[in-house]
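Below, each chain spelled out in residue letters.
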Amino acid sequence: MKTLKGIGGSKGYAAGTAILKRGQAKPEKYAVTDGAAEEARFRKAQDVCEARFAELEERAVRDIGPDEAEIFGAYRMILRDDAFFKKAIDRSKSDSVNIEYAIYEECRGVMGMFEAMDDPYLKERAADIENVCNEVILCLSGGGSDFAIEAGSVSDVIVVAEDLTPAETVKMDKSRIRGFVTEKGGITSHTVILAKALGIPAIIGAEGIMGELSGKERLILDAYEGTVGINPDDAAFADFMKTCDKDKELQLQYGLSAGQPANTIDGFHIDVLVNTGDADSIKAFDAGKCDGIGLLRTEFIYMGRSDYPDENAQYEAYSDIARRASGKEVIIRTLDIGGDKQLGYMDIPKENNPFLGYRAIRLCLDRPEVFHTQLRAILRASSCGNVKVMFPMIVTLEELRSAKECVEKAKRSLRADGLPFNENIAVGIMVETPAAALLADLLAKEADFFSIGSNDLIQYVTATDRMNDRVQYLYDSCNLSVLRAIRMVAQSAVREGIPWGICGEVASDERLLPVWIALGVSELSIVQSQVGKIKHLIGRLSKAGLAPEIERMYALGSIEEVKAFLDGMLLELREAR
Ligand code: PEP
Ligand code: MG
């Protein structure tokens, strides 16, 4: 059995049939003499694709829902866009090249134009055009079946792709998908976040896998270790299935732990909450299986629209979630737009370094009317549940003070309007910049709580773009610089007697859990599917017992030493289970 190594992005085991999701097909280029015949070939392919999209639309309505099915209607419109395909037909005739190559070239030209634009909506539309062209090219080159149809004929699908866009991942019929494997993508990529939310194992960074497969191979995925086994023999497959069964038993135990309070062996309590902020995770939120919401990313309310959402629309969304939490904590993060998340109607100027630029609290303080509307909505929702408010990307005391003053102003206006809210609402900050970590002692005197945004903190401490594959090797939570920064924040919070938590991806990293416990973490906010496991593990650890061990870890040096040390602890823990 050939085995390929990647990184386990969403942990678990999976076995199934490889279905390849290909990117833009690169058709062969060859000379033709009969332009009219090429046009006729295109017209035929157009009809075949139209029927295919109609079939997909029908299936999407049945299996997923009418909203998700709409995309195929859009595909059909693009397919019938004569202005676009006419250019390809003309090119085929004037250059005497085959039609699929002419379509490929036209598509590349259009993609280039869209890429230069900032508007994410238009970029999404560009991706739709590319998908449609891809289908037509596949059909013309005799590559008959597209991904969705192929996947539809298999019951246990392992999706293998170079990379997956959020739209692609969302469009898939997840009921048959047992695992994802991609060549590219980081551990905080959308594929991984979605896979974790759905509890589907995912391996990323499996370089060269597309070249190894032609489709329909039997694959076994160990997404704990990040390995993909290709065409295992029967004995290896049977062994693997035994391991899967054991894992299933553990998952059952985790399911039971999710609804119980999490206490260490020596009685130290940790709340385990969930991160939400997209339709899937909001729908999946179940207050009976966690201790509340530790991070509500509010960007989803602002996305997919042509103007800012008004106060009532926001109030409806926040209060609905607050009620569903049944008295458990709901931390609402104020708008964190900018950086990689841009919205056309916000008219954010182009910047050389958007991650270091006009984003999050900076934008909100600069646009007080936008901030005021959101704060009023959050405050109003605080009368419907245990709501707290949190500011992202704080780097100065002045920012925290100004943001708090905005909260006070929103409170005054609600009082004047006679609208109810919680006068004592807790106001906290995300610690996700080196500045906030270094100022933690001062910030802890003025914030009601800290929540460490490790996704950004790692990126800023290590000067490593979290979305850039080429430098992923430096984006490492086990770099002592990151762990020291977190310790600094923890110690300041403990000294000032305020709760501190972690809401970045490292909060659900088994390997690092002993560190968080030893540092005295108050809450961990993670994806719903990991809550049971993390609670189960907390129950097997002792805070007092871990403290001296973690002190020893802090005395180490390299990333590899830290990992080896923590892995040793993890192994002991696994053996004890
Ligand atoms: C973080 O930075 O860790 C975080 C949770 O925020 P986001 O991933 O939304 O930037
Ligand atoms: Mg962040």
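Structure shown above.
This report concerns the structure included in the present document. Not measured: the values here are computed from a predicted model. (Residues numbered from 1 in each chain as written. Chains lettered and ligands numbered in written order. Predicted model: local features only at pLDDT ≥ 70, side-chain atom pairs only at ≥ 80, totals over all residues. Heavy atoms only, no water.)

### Details of the overall build of the protein chain
Move 1: Across its full length, the protein chain carries 24 helices and 17 strands.
Move 2: Its C-alpha atoms give the protein chain a radius of gyration of 26 Å, within 12% of the compact-globule value 25 Å for 577 residues.
Move 3: By its C-alpha atoms, the protein chain is 80 × 65 × 40 Å across when sized along the principal axes.
Move 4: Counting across all 577 residues of the protein chain, residues that qualify as buried make up 53%.
Move 5: For the protein chain, long-range pairs separated by at least 24 residues make up 68% of all intrachain contacts whose partners lie at least 6 apart in sequence.
Move 6: Approximately 24,900 Å² of the protein chain is accessible, and the part contributed by carbon and sulfur atoms is 52%. (Helix = DSSP H or I, 4+ residues; strand = E, 2+ residues; numbered from the N terminus. Rg over C-alpha atoms; globule rule 2.2 N^0.38 Å. Buried < 20%, exposed > 50% of the residue type's maximum accessible area, 1.4 Å probe, protein only. Contact = heavy atoms within 4.5 Å. Areas by Shrake-Rupley, 256 points an atom, 1.4 Å probe, with all protein chains shown as cover.)

### Quick look at the packing of helix α13 (residues 311–324) against helix α15 (residues 368–381)
Move 1: Relative to each other, α13 and α15 sit at 35°, their axes nearing to 8 Å. α13 and α15 meet at a crossing whose hand is right-handed. Touching E311, N312, Q314, Y315, Y318, S319 and A322 of α13 are T373, Q374, R376, A377, I378, R380 and A381, all from α15.
Move 2: Here the contact of α13 with α15 is composed, by residue class, of 6 nonpolar, 5 polar and 3 charged. (Axes fitted to C-alpha atoms, helices over the stretch in contact; angles between N-to-C directions. Left-handed = near helix turned anticlockwise from the far one by under 90°. Nonpolar A, V, L, I, M, F, W, Y, C, P; charged D, E, K, R; others polar.)

### Examining the packing of aromatic side chains
Move 1: The full count for this structure, using the stated rule, is 8 aromatic pairs.
Move 2: Here the aromatic rings of Y308 and Y345 are separated by 5.0 Å at their centres, their planes lie at 85°, and the arrangement is edge-to-face. Taken together, the residues Y308 in the loop between α12 (299–302) and α13 and Y345 in the loop between β12 (329–333) and α14 (360–366) connect sequence positions 37 residues apart.
Move 3: Taking the ring centre of Y315 as reference, the NZ or CZ of R380 above it sits at 4.1 Å.
Move 4: The cationic tip of K388 hangs over the ring face of F449; the distance from NZ or CZ to the ring centre is 6.0 Å. (Phe/Tyr/Trp six-rings, centres within 6.5 Å; stacked < 30°, edge-to-face > 60°. Lys NZ or Arg CZ within 6 Å of the ring centre and 35° of its normal.)

### Section: the coordination of the magnesium ion (ligand 2)
Move 1: Donor atoms from the polypeptide that coordinate the magnesium ion (ligand 2) comprise E432 (OE) and D456 (OD), at 2.1 to 2.3 Å from the metal. On the criterion of sequence distance, the pair formed by E432 in the loop between β14 (427–431) and α17 (434–438) and D456 in helix α19 (residues 454–461) is long-range, its members being 24 residues apart.
Move 2: Take E432: its relative accessible area is 2%, and that puts it in the buried class. (Donors = N, O, S within 2.8 Å, 3.2 Å for Na, K, Ca; no water.)

### Focus: unusual backbone geometry
Negative phi characterises most residues that are not glycine, and trans characterises most peptide bonds.
Move 1: Residues other than glycine seldom take positive phi values, yet K216 does so here, at roughly 75°.
Move 2: With respect to the element layout, K216 can be found in the loop between α9 (209–212) and β7 (218–222).
Move 3: Positioned with a positive phi, M393 is a non-glycine residue whose angle comes to about 65°.
Move 4: Along the chain, M393 turns up in the loop between β13 (386–391) and α16 (397–417).

### With respect to the site of ligand 1
Move 1: Close to ligand 1 lie 13 residues; R297, G453, N455, D456 and R466 are nearest.
Move 2: Side-chain polar atom of R297 to an oxygen atom of ligand 1: 2.7 Å apart, as the coordinates give it.
Move 3: Backbone polar atom of G453 to an oxygen atom of ligand 1: 3.4 Å apart, as the coordinates give it.
Move 4: Relative to its unbound accessible area of 290 Å², ligand 1 is 97% covered by the protein chains. (Near = heavy atom within 4 Å. Polar contact = N/O pair within 3.5 Å; in protein donor to acceptor, adjacent residues only side chain to side chain.)

### Quick notes on the pairing of strand β8 (residues 227–230)
Move 1: By the bridge criterion, 4 bridges tie strand β1 (residues 2–5) to β8 in an arrangement that is antiparallel. Note that in β8 the partner of L4 across the bridge is V228.
Move 2: Inspection of the sheet shows β7 paired to β8 by 4 bridges, in the antiparallel sense. Counterpart to D222 in the pairing with β8 is T227. (Pairing = 2+ DSSP bridges.)

### Some details on the nonpolar core
Move 1: The biggest cluster of nonpolar side chains holds 103 residues, and the ones touching the most others in it are F391, F450, W500, W516, L524, M553 and L566.
Move 2: With 8 residues, helix α20 (residues 480–496) is the largest single contributor of residues to this core.
Move 3: Membership of the second largest hydrophobic core comes to 30 residues, among which are C49, L56, V132 and V136. (Core = buried A, V, L, I, M, F, W, Y, C linked by side-chain atoms within 4.5 Å.)

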